[in-house]
Amino acid sequence: PNGDTYEGMVQDGVPEGMGKYTSAGPDLRAYVGEFKRGLKEGHGVEVLRTARGEVRYDGGFCANNRSGTGRLLMETMHYDVVYQDGEMRSILPSSSPTHPPRSLTT
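The following refers to the structure shown. Everything numeric here is computed off the predicted structure, so don't read it as measured data.

## Details of the pairing of strand β7 (residues 77-84)
In step 1: One ladder, built from 7 bridges, connects strand β6 (residues 65-74) with β7; its direction is antiparallel. Across the sheet, Met74 pairs through a bridge with Met77, a residue of β7.
In step 2: Linking β6 back to β7 in an antiparallel pair, the connection comprises 2 residues, with Glu75 at a positive phi of about 45°.
In step 3: Inspection of the sheet shows β7 paired to strand β8 (residues 87-93) by 6 bridges, in the antiparallel sense.

Structure representation (structure tokens):
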């Protein structure tokens, strides 16, 4: 046991459907969203909290990787992004109104 937690739907012993995963590592990482066969799959929100602040990605996932369109929020900077196979392919300043990132862990 490494201290990670999962709350949500389970099928055959692995996350399936909606759930929340929180990592206990030094850089707190949380994910709330859809799982398929134990992997992040579909829409979700991933948060990484470091000493430099919180970074939030709200968008698509495929096989545990960020995939498709989403929004990247960092303190006062907000971007519309496109990921493919976990790699960022496009980033533009967001045209949507800005809102401060909301913590998933509190």
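Past the structure itself, the notes keep going.
## Observations concerning the nonpolar core
For soluble globular proteins, nonpolar side chains are generally found buried alongside one another.
In step 1: Membership of the largest hydrophobic core is limited to 7 residues, which are Tyr31, Phe35, Tyr57, Phe61, Leu72, Val81 and Tyr83.
In step 2: Within the residue set of this core, elements represented by two or more residues are β3 (28-36), β5 (53-62) and β7.
In step 3: Here Val81 is in contact with Tyr57, Gly68, Thr69, Gly70, Arg71, Leu72, Met88, Ser90 and Ile91, once residues within four sequence places are set aside.

## Focus: the packing of aromatic side chains
In step 1: Scanning all chains against the criterion turns up 5 aromatic pairs.
In step 2: Seen from their ring centres, Tyr31 and Phe35 are 5.1 Å apart, and the 90° between their planes marks the pair as edge-to-face.
In step 3: When its relative accessible area of 1% is taken as the criterion, Tyr31 is described as buried.
In step 4: With a centroid separation of 5.4 Å and an interplanar angle of 80°, the aromatic rings of Tyr57 and Phe61 are classed as edge-to-face.
In step 5: A relative accessible area of 0% means that Tyr57 is categorised as buried.
In step 6: A residue is classified by how much of its surface remains accessible, and Phe61, at 4% relative accessible area, is buried.
In step 7: A connected cluster of aromatic rings, assembled from ring pairs, spans Tyr6, Tyr31, Phe35, Tyr57, Phe61 and Tyr83.
In step 8: A cation sits over an aromatic face here: Lys40 above Tyr31, 5.5 Å from the ring centre.

Analysis parameters
- Residues numbered from 1 in each chain as written.
- Predicted model: local features only at pLDDT ≥ 70, side-chain atom pairs only at ≥ 80, totals over all residues.
- Heavy atoms only, no water.
- Pairing = 2+ DSSP bridges.
- Helix = DSSP H or I, 4+ residues; strand = E, 2+ residues; numbered from the N terminus.
- Core = buried A, V, L, I, M, F, W, Y, C linked by side-chain atoms within 4.5 Å.
- Buried < 20%, exposed > 50% of the residue type's maximum accessible area, 1.4 Å probe, protein only.
- Contact = heavy atoms within 4.5 Å.
- Phe/Tyr/Trp six-rings, centres within 6.5 Å; stacked < 30°, edge-to-face > 60°.
- Lys NZ or Arg CZ within 6 Å of the ring centre and 35° of its normal.

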